[in-house]
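Here's the letter readout for the chains.
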Amino acid sequence: MRIAITGTPGTGKTTAVEHLNLDQFDTDFEVIHLNDIIRDREFTTGRDEDRDSLVADLDAVSEWLDGHDEAVVESHLAHEFDADKVVVLRCAPDEIERRLLDRSESAESARENAESEALDVVLGHAVQNHGEETVYEIETTDRTPEDVATEIEAVISGAREPSAGTVDYIDYL
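Enquirer: How do you make sense of the overall build of the chain when you look at a structure like this?
Expert: In terms of helices and strands, the chain carries 7 helices and 7 strands. Here the chain has a C-alpha radius of gyration of 15 Å; the compact-globule value for 173 residues is 16 Å, and the two agree. By its C-alpha atoms, the chain is 45 × 35 × 30 Å across when sized along the principal axes. Taking all 173 residues of the chain together, the buried fraction comes to 46%. Residue pairs in contact within the chain that sit at least 24 positions apart in sequence constitute 78% of those at least 6 positions apart.

Have a look at this one:
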């Protein structure tokens, strides 16, 4: 089973995955931090100068992911690839903006990501790519990474029902 952990930058994906207890499952899940793979293996097609970021070569990443079927794949791009279940972490846009500024992201980038969160951009792509029946939203704003990891574990085990469309931040705009 491949599990995609995705969400707007700043929602807590990497931190939550670090707190997963995957030993409880019958499968030896490999944890893949996809952004590291993209950077380290140079799976890029260039650089987006406006956003000062690399542009991922999605075909190269998809090909590399073949054979990594028992995996938890973490990235803001994880929903772009085959997965049995897609967990979309959600966070209040103003908190995303604060977290990204704390990471020394530009004010423009922080604001753009906050607006993307308010507009459900990642969620929309996840549902479009995988269908509502395999997408699970988890609100992370006021939760500890351990609590978020427990919710992800519930998704993996089948103890949690799909929940696309349960979080709403449109008032941010």
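So, next bit.
Enquirer: Explain the packing of helix α4 (residues 93-102) against helix α5 (residues 107-118) to me, please; I cannot follow it from the model alone.
Expert: Relative placement of two packed helices is described by the angle separating their axes and the distance separating the axes. One can describe the packing of α4 onto α5 by two numbers: an axis separation of 8 Å at closest approach and a directional angle of 155°. With respect to their mutual orientation, α4 and α5 come out roughly antiparallel. The two elements α4 and α5 cross, and the hand of that crossing is right-handed. For the pair α4 and α5, contact is made by Pro93, Ile96, Glu97, Leu100 and Leu101 and by Ala107, Ala110, Arg111, Asn113, Ala114, Glu117 and Ala118, respectively. Grouping the constituent residues of the contact of α4 with α5 by class yields 8 nonpolar, 1 polar and 3 charged.

Enquirer: In this structure, what is going on with the nonpolar core? I would like to understand it.
Expert: Nonpolar side chains in soluble globular proteins tend to be buried together. Counting residues in hydrophobic clusters, the biggest one holds 23 residues, and the most contacted among them are Ile32, Leu34 and Leu65. Secondary structure elements with two or more residues in this core: α2 (34-40), α3 (58-65), β5 (71-74), β6 (85-90) and α6 (121-130). In terms of residue count, α3 provides more of this core than any other element does, 4 residues in total. For Leu34, the contacting residues outside a window of four places in its chain are Val61, Leu65, Val73, Glu74, Ser75, Ala78 and Phe81.

Enquirer: Explain a nonpolar patch on the surface here, please?
Expert: Taken together, the side chains of Leu119, Val121, Ile170 and Leu173 make up a nonpolar region of the molecular surface, amounting to roughly 350 Å² of accessible area. With respect to the helices and strands, the residue Leu119 is situated in the loop between α5 and α6.

Enquirer: Help me out: how do you make sense of α5 in this one?
Expert: Residues spaced three or four apart along an α-helix face the same direction, because each turn holds 3.6 residues. With 12 residues, α5 extends 16 Å from end C-alpha to end C-alpha; this agrees with the ideal 16 Å at 1.5 Å per step. Elements that come into contact with the buried residues of α5 comprise β6 and α4. Looking at the residues trailing α5, positive phi occurs at Asp120, about 60°.

Enquirer: Hey, could you run me through the layout of surface pockets in this one?
Expert: Space left empty within the atom packing is revealed by a probe, the size of a water molecule, rolled over the atoms. The computed volume of the largest pocket comes to approximately 1400 Å³. As for the largest pocket, its lining consists of 40 residues, of which Pro9, Asn35, Ser53, His76 and Asn113 are closest to the centre. Taken together, the elements giving at least two residues each to the lining of the largest pocket come down to α1 (13-18), α2, β4 (53-56), α5 and α6. For the lining of the largest pocket, the element with the highest residue contribution is α5, accounting for 5 residues. A class-by-class count of the residues in the lining of the largest pocket yields 10 nonpolar, 17 polar and 13 charged.

Enquirer: Which parts of the structure should I look at to understand the sheet that holds β5?
Expert: The strands that make up a sheet are held in pairs by hydrogen bonds between backbone atoms, and each pair lies either parallel or antiparallel. Taken together, 5 strands build an open sheet; the order of strands is β2-β5-β1-β6-β7 and the sheet is parallel. A single partner strand is all that each edge strand has here, and the edge strands are β2 (30-33) and β7 (135-139). The sheet shows a mean angle of 20° between the axes of neighbouring strands, direction not considered. Pairing analysis gives 4 bridges linking strand β1 (residues 2-7) to β5, with the strands arranged parallel. Considered in β5, the bridge of Arg2 is made with Ala71.

Enquirer: For this particular structure, what's the right way to read the pairing of β4?
Expert: Here is the key point about a regular strand: its side chains alternate between the two faces of the sheet. Bridging between strand β3 (residues 44-48) and β4 involves 4 bridges; their strand directions are antiparallel. When the sheet's bridge partners are listed, Gly46 is paired in β4 with Val55.

Quick notes on the rules
- Residues numbered from 1 in each chain as written.
- Predicted model: local features only at pLDDT ≥ 70, side-chain atom pairs only at ≥ 80, totals over all residues.
- Heavy atoms only, no water.
- Helix = DSSP H or I, 4+ residues; strand = E, 2+ residues; numbered from the N terminus.
- Rg over C-alpha atoms; globule rule 2.2 N^0.38 Å.
- Buried < 20%, exposed > 50% of the residue type's maximum accessible area, 1.4 Å probe, protein only.
- Contact = heavy atoms within 4.5 Å.
- Axes fitted to C-alpha atoms, helices over the stretch in contact; angles between N-to-C directions.
- Parallel < 35°, antiparallel > 145°, perpendicular 65-115°, else oblique.
- Left-handed = near helix turned anticlockwise from the far one by under 90°.
- Nonpolar A, V, L, I, M, F, W, Y, C, P; charged D, E, K, R; others polar.
- Core = buried A, V, L, I, M, F, W, Y, C linked by side-chain atoms within 4.5 Å.
- Patch = residues over 30% accessible without salt bridge, like charges linked within 9 Å, V, L, I, M, F, W, Y side chains within 5 Å.
- Areas by Shrake-Rupley, 256 points an atom, 1.4 Å probe, with all protein chains shown as cover.
- Salt bridge = Lys/Arg side-chain N within 4 Å of Asp/Glu carboxyl O.
- Expected span 1.5 Å × (residues − 1).
- 1 Å grid on protein atoms, 1.4 Å probe; cavity = no way out; pocket = protein on both sides within 12 Å on 5 of 7 lines; lining within 4 Å.
- Points joined across faces, edges and corners; volume = space filled by probe spheres on them.
- Pairing = 2+ DSSP bridges.

None of this, on its own, says anything about what the molecule does.
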